[in-house]
Amino acid sequence: MPHVDVEGRLFHYRERGTGPVALFVHGFPLDATLWLDQLAGLAERRRCVAVDLRGSGLSAPVAGEPLTMERHAADLAGLLDRLEAAQADLIGLSMGGYIALAFAERFGHRLRSLALADTRSGADSDEGKAGRDAAIERVLAGGRAAFAETMLGALLGPHPTPEARARLRTMAETTPYETIIGALAGMRDRPDRTAVLATVPVPAAVIVGADDTVTPPAVAEEMAAALPDATLHVIAGSGHLTPIEQPDAVNEALGALFDRAGA
Ligand code: MLT
């Protein structure tokens with residue numbers, strides 16, 4: 001399984017397929033296995049690369065550093081350099097979407113297309129920020145296992161398959177507590193990037209589970225309307241984790257985006 005050194009730090013990624021690079025960015029507290037069905041289903045269209053973000057999955061661990069969206073976006077640019085990809089189709093889910101918007105803000109010229117799945121462009125509300133602080137306290141007091149349990153209830157739709165539950169549980173239970181805390185702080189402090197949407201220079205897709213309660217369809221509709229060239233895909237039978245809850249529908253939406261983006 002490939003690792004790559006980006007400015008002295010090791011990143012792990014999974015890849016399948018050949019052609020232009022499509023870069024998949026996972027959410028929180030997840031890892032690159034979120035995208036296994038997309039790597040399998042889209043390999044004939046793209047060189048599909050799913051990265052483990054700094055501190056997640058099999059990438060190098062972190063200790064006590066804030067995991068800002070800007071830091072992750074710079075890591076993605078460094079990874080694309082190492083893959084010798086001037087541009088990429090960028091697909092981000094939830095926190096991965098926050099990162100994708102930070103990337104679009106700074107590296108818009110490197111996008112071939114942009115897919116925002118189950119995410120939002122706005123910042124945390126004051127209540128949301130307080131919730132992040134409370135979650136950090138909970139993880140410090142009770143460890144990551146109890147935190148993973150709360151994620152199971154919050155992220156999946158009302159009727160998840162046993163496979164989707166197992167995949168989520170595995171990702172959440174293996175994310176180090178240092179990464180959980182760094183990510184909660186990074187998400188709490190991220191700025192509102194709604195203004196970035198209008199500047200996205202490439203075809204875009206906004207994907208959302210019809211039963212997503214974390215970033216609901218109304219939020220996705222607003223983002224799609226603000227993007228210059230976007231299609232909206234509301235996916236029935238899914239909560240917040242569309243790639244594992246309804247992988248075929250997500251692959252169909254991304255395939256249509258790749259058609260619009262060309263090679
Ligand atoms: C995620 O799935 O990445 C998180 O739910 C995002 C968040 O907590 O804002």
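To start, this report covers the structure provided alongside it. Just so we're clear, the structure is a prediction, and the values are computed from it rather than from any experiment. (Residues numbered from 1 in each chain as written. Predicted model: local features only at pLDDT ≥ 70, side-chain atom pairs only at ≥ 80, totals over all residues. Heavy atoms only, no water.)

## Details of the packing of helix H4 (residues 126-155) against helix H6 (residues 177-188)
At step 1: Between H4 and H6, the least distance of the axes is 10 Å, while the angle of their chain directions is 170°. One element, H4, and the other, H6, form an angle in the roughly antiparallel class. Residues Lys129, Arg132, Asp133, Ala135, Ile136, Val139, Leu140, Arg144 and Phe147 of H4 pack against Tyr177, Ile180, Ile181, Leu184, Ala185, Met187 and Arg188 of H6. (Axes fitted to C-alpha atoms, helices over the stretch in contact; angles between N-to-C directions. Helix = DSSP H or I, 4+ residues; strand = E, 2+ residues; numbered from the N terminus. Parallel < 35°, antiparallel > 145°, perpendicular 65-115°, else oblique. Contact = heavy atoms within 4.5 Å.)

## Some remarks on the packing of helix H2 (residues 69-82) against helix H3 (residues 95-107)
At step 1: At a closest axis distance of 8 Å, the pairing of H2 and H3 adopts a crossing angle of 70°. One way to sum up the angle between H2 and H3 is to call them roughly perpendicular. The handedness of the crossing between H2 and H3 comes out as right-handed. Contacts between H2 and H3 involve Met69, Glu70, His72, Ala73, Ala74, Leu76, Ala77 and Leu80 on the former and, on the latter, Met95, Tyr98, Ile99, Ala102, Phe103, Arg106 and Phe107.
At step 2: Across the contact of H2 with H3, the residue classes break down as 12 nonpolar, 1 polar and 2 charged. (Left-handed = near helix turned anticlockwise from the far one by under 90°. Nonpolar A, V, L, I, M, F, W, Y, C, P; charged D, E, K, R; others polar.)

## A look at the layout of surface pockets
At step 1: Put simply, the largest pocket is a space of about 490 Å³.
At step 2: Along its surface, the largest pocket is lined by 23 residues, and Tyr98, Arg132, Met151, Met187 and Val214 are the ones closest to its centre.
At step 3: Counting only elements with at least two residues in the lining of the largest pocket, the list comes to H3, H4 and H6.
At step 4: Per-element accounting of the lining of the largest pocket gives the leading share, 10 residues, to H4.
At step 5: Residues belonging to the lining of the largest pocket are distributed by class as follows: 12 nonpolar, 6 polar and 5 charged. (1 Å grid on protein atoms, 1.4 Å probe; cavity = no way out; pocket = protein on both sides within 12 Å on 5 of 7 lines; lining within 4 Å. Points joined across faces, edges and corners; volume = space filled by probe spheres on them.)

## As for H6
At step 1: Across its 12 residues, H6 extends 16 Å between first and last C-alpha, which sits within 8% of the 16 Å expected from 1.5 Å per residue.
At step 2: The element H6 is largely enclosed, with a buried count of 10 among its 12 residues.
At step 3: Looking at the buried positions of H6, the neighbouring elements they touch are H2, H3 and H4. (Expected span 1.5 Å × (residues − 1). Buried < 20%, exposed > 50% of the residue type's maximum accessible area, 1.4 Å probe, protein only.)

## Comments concerning the environment of His26
At step 1: By the secondary structure assignment, His26 is in the loop between strand E3 (21-25) and helix H1 (36-41).
At step 2: In sequence terms His26 and Phe147 are 121 residues apart; their C-alpha atoms lie 18 Å from each other.
At step 3: For His26, the contacting residues outside a window of four places in its chain are Asp31, Ala32, Leu34, Trp35, Val51, Asp52, Leu53, Ser56, Leu93, Met95 and Gly96.
At step 4: Within polar-contact distance, the side chain of His26 engages the backbone oxygen of Leu30 at 3.3 Å. (Polar contact = N/O pair within 3.5 Å; in protein donor to acceptor, adjacent residues only side chain to side chain.)

## Remarks on the site of the ligand
At step 1: With respect to spatial proximity, the complete set of residues near the ligand consists of Gly27, Phe28, Ser94, Met95, Tyr98, Arg132, Met187 and His240.
At step 2: Between the ligand and Phe28, the relevant distance is 2.7 Å, taken from an oxygen atom to a main-chain nitrogen or oxygen of the residue.
At step 3: Between the ligand and Arg132, the relevant distance is 2.7 Å, taken from an oxygen atom to a side-chain nitrogen or oxygen of the residue.
At step 4: Protein coverage of the free-state accessible area of the ligand, which is 270 Å², stands at 91%.
At step 5: Under a 2 Å grid-point criterion requiring more than half of the atoms, the pocket assigned to the ligand is the largest pocket.
At step 6: Along the lines of polarity and charge, the residues of the shell around the ligand split into 4 nonpolar, 3 polar and 1 charged. (Near = heavy atom within 4 Å. Areas by Shrake-Rupley, 256 points an atom, 1.4 Å probe, with all protein chains shown as cover. Sits in = over half its atoms within 2 Å of the grid points.)

## Points about the environment of Gly92
At step 1: Inspection of the secondary structure assignment puts Gly92 in strand E5 (residues 88-93).
At step 2: On the basis of relative accessibility, which here comes to 0%, the residue Gly92 falls in the buried class.
At step 3: The spacing of Gly92 and Val214 is 122 residues in sequence and 15 Å in space, taken between C-alpha atoms.
At step 4: Once residues within four sequence positions are removed from consideration, Gly92 is found in contact with Val25, Gly97, Ala115, Leu116 and Ala117.

Scope: geometric values only; no functional claims are made or implied.
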